[in-house]
Amino acid sequence: MNIPYKIYLEESELPRQWYNVRADMKNKPAPLLNPATLAPASLDELSAVFCHDLAMQELDDTTALIDIPEEILNFYKMYRPSPLVRAYCLEKALGTPAKIYYKFEGNNTSGSHKLNSAIAQAYYAKKQGLKGVTTETGAGQWGTALSMACAYLGLDCKVYMVKVSYEQKPFRREVMRTYGANVTPSPSDTTNVGRKILSEFPGTTGSLGCAISEAVEAAVSTEGYRYVLGSVLNQVLLHQSVIGLETMAACDKYEIKPDVIIGCAGGGSNLGGLISPFMGRKLRGEADYQFIAVEPASCPSLTRGKFAYDFCDTGKVCPLAKMYTLGSGFIPSPNHAGGLRYHGMSSIVSQLYHDGLMEARSCEQTSVFEAAVQFARIEGILPAPESSHAIRVALDEALRCKETGEEKTILFGLTGTGYFDMVAYQKYNDGEMSDYIPTDEDIAASLANLPPTNEA
Ligand SMILES: *Cc1c(COP(=O)(O)O)cnc(C)c1O
C-alpha cells in the first residue's frame, strides 16, 4: 500500500472516546494515599483538590472507554488530528531498512501534546461551575496549554511558574499572560508553603515539586478554585490516550504494524497516552509490541529510581503516589537543560514497567541534542529537547536495523517544538553543554527521605 508522507485521519475517523488502559491491566496501579491517614484517598478527599469529574476519572480502574464530551471534541477539531508522519527523508539519510514514523503533537500554539488534557481539565472545571483553576509549570508548556484552554472557556487561570524558568523564559510567561493567565514565580510569598521554603532556602530558584505545593495551597484556600496537573495523574494519561487512539486508527487504516513504540518520559503522560491502546492489545493478548520509555540520564526515575510510595510535591501537601521515584527532594543538576525533570513517574507507567510490559532507557543530554539537530536538519521540525529523547532512541534503533538488516517498523512520539528552548540549543551549538549523571550516593541520599509508609 502506498503510504502518504503525512497521514491525517478524516473527521469521521477521529476517536470519540478516551481509552483507559487501567481497565485491561491485571495489576492495577496502586491507589493514591491520604498523606495524613495513609488510607486510600476517597472521592470526597480528592474532590477537595481536583474537579469532581476528574477525581472520578482518577479513581476509575474499570471503565475501558469514556466518552469525550462534545465541547472537547469540538476544541480538538481546531488542532487535531495531529499527523502521523512517515520519516522517509530520515530513513534515507540514515540508510536504514527500518521504517520510521512519528506522531507530531507540536502543531498548536502551546507547542506540545499538553493541550489535549488542558482542555479536558478546564472543561470539567467549567462544568462544575468553578471560577478558576491553579497549576504549576516548569518549562512552561503546561501553563501555556492551560492558559489557552481557560481563555477559550472563560475560566481564571493562576500559574505558579518555577522561578528559574520565569526568569529565563520571559517569552513563555508572556504567552501565558496574553491568554489571560496570572503568572507568579515560585516559590513566592503568596502562600504559606512558599514563605516556608523561602525562609529555609533563601535565594532558591524553585522546583516543580515546590510550585505544585503552592498551586495546591492556592486552590484549596480559594473559594471556587481547584488544582489541575499536566502529567503523572491517571486522568491525564486517559486524556492523552487520544494520541495513541489516532495513531492506532491511522496504523490500522494503512496496515502499518509498529514493532517498537518509543516515547520520552517526564511524568509519563505522552508516553502513556501514545502506548495505551497498543498496550491494551498486548494486555488482551491480541498483538505484541516493544515499548520503550526514554528519560534523561540526569533524572532517571525509571532506570535508577525506586518503586515506592512517595510525595508528589516538596511541601508534602499532595496525596502519596506509588511510582518509580528519585525522592521528592531530587533536583537535577543545574546544567541539565533537556526538561523531563520531575522526580517521579505516572503510577500507570510505573506499574507497567514494574510488570515487565515495557522497557526504559536513559540518555545523556549531549547525545539527545545531537539527535535533535540531526532530526531538525533532515525532517525540518525543530524538536523540543524533551521530545528529542524519543528521537535519540528511534535513531539508535534505526541504526541497529542498518547493522542487522532488520526491516523493523519504529514509531515514536514527537511531543512538541523547541522554539522556547533556544538557550539550551545555544549551549549545545557553542559546545558548552555537558552531561551530569547523578551518583548512586546522590540518589540514595534523596531516597532516604521517602515517606515511612513503605516500611509498613
Ligand atoms: C511536558 C512535556 C513532556 C513530558 O511530559 P510527559 O508527561 O512525560 O509527557 C514531553 N515533551 C514535551 C514537549 C512536553 O511539553
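Residues numbered from 1 in each chain as written. Predicted model: local features only at pLDDT ≥ 70, side-chain atom pairs only at ≥ 80, totals over all residues. Heavy atoms only, no water.

Asker: Sorry if this is basic, but what is going on with the sheet that holds strand β9 (residues 225-227) here?
Answerer: Adjacent strands of a sheet pair through backbone hydrogen bonds, lying either parallel or antiparallel. Spatial ordering of the open sheet is given by β8-β7-β6-β9, a layout of four strands whose pairing is parallel. If you trace the sheet from one side to the other, it starts and ends with β8 (182-186) and β9, each paired once. For this sheet, the mean angle separating the axes of adjacent strands, direction not counted, is 25 degrees. Bridge count for strand β7 (residues 156-162) against β8 is five bridges, and the pairing is parallel. By the bridge assignment, V159 is partnered in β8 with V183. Here helix α10 (residues 208-220) sits on the sheet in contact with β6 (132-137), β7, β8 and β9, set at roughly 170 degrees to β6. (Pairing = 2+ DSSP bridges. Helix = DSSP H or I, 4+ residues; strand = E, 2+ residues; numbered from the N terminus. Axes fitted to C-alpha atoms, helices over the stretch in contact; angles between N-to-C directions. Contact = heavy atoms within 4.5 Å.)

Asker: What is the right way to read the domain arrangement of the protein chain from this model?
Answerer: For an interface, size is often stated in terms of accessible area lost upon the parts coming together. Here the protein chain is described as being made up of domain 1 (6-13 + 80-111 + 234-447) and domain 2 (18-67 + 114-227). Of note, the centres of domain 1 and domain 2, computed from C-alpha atoms alone, are 22 Å apart. Contacts between the two partners involve 43 residues from domain 1, matched on the other side by 47 residues from domain 2. Where domain 1 touches domain 2, the interface holds two salt bridges. Note that D421 is salt-bridged to K169, the shortest N-O span being 3.0 Å. Those elements that provide at least two residues to the side of domain 1 that touches domain 2 are α11 (234-253), α12 (269-283), β13 (321-325) and α14 (347-354). Sort the elements by how many residues they give to the side of domain 1 that touches domain 2 and α11 lands first, with ten residues. Per-class residue counts for the side of domain 1 that touches domain 2 are 20 nonpolar, 14 polar and nine charged. (Domains from an automatic or database assignment. Salt bridge = Lys/Arg side-chain N within 4 Å of Asp/Glu carboxyl O. Nonpolar A, V, L, I, M, F, W, Y, C, P; charged D, E, K, R; others polar.)

Asker: Is there a simple way to think about the sheet that holds strand β1 (residues 6-7) in this case?
Answerer: Taking strand neighbours across the sheet as the criterion, the seven strands line up as β1-β4-β5-β15-β10-β11-β14 in an open arrangement whose pairing is mixed. Two strands lie at the open edges of the sheet, namely β1 and β14 (359-363), each paired on one side alone. In the sheet, strand β10 (residues 260-264) pairs with strand β11 (residues 290-296) via five bridges, with the strands oriented parallel. Residue pairing for β11: G263 is matched across the bridge by A293.

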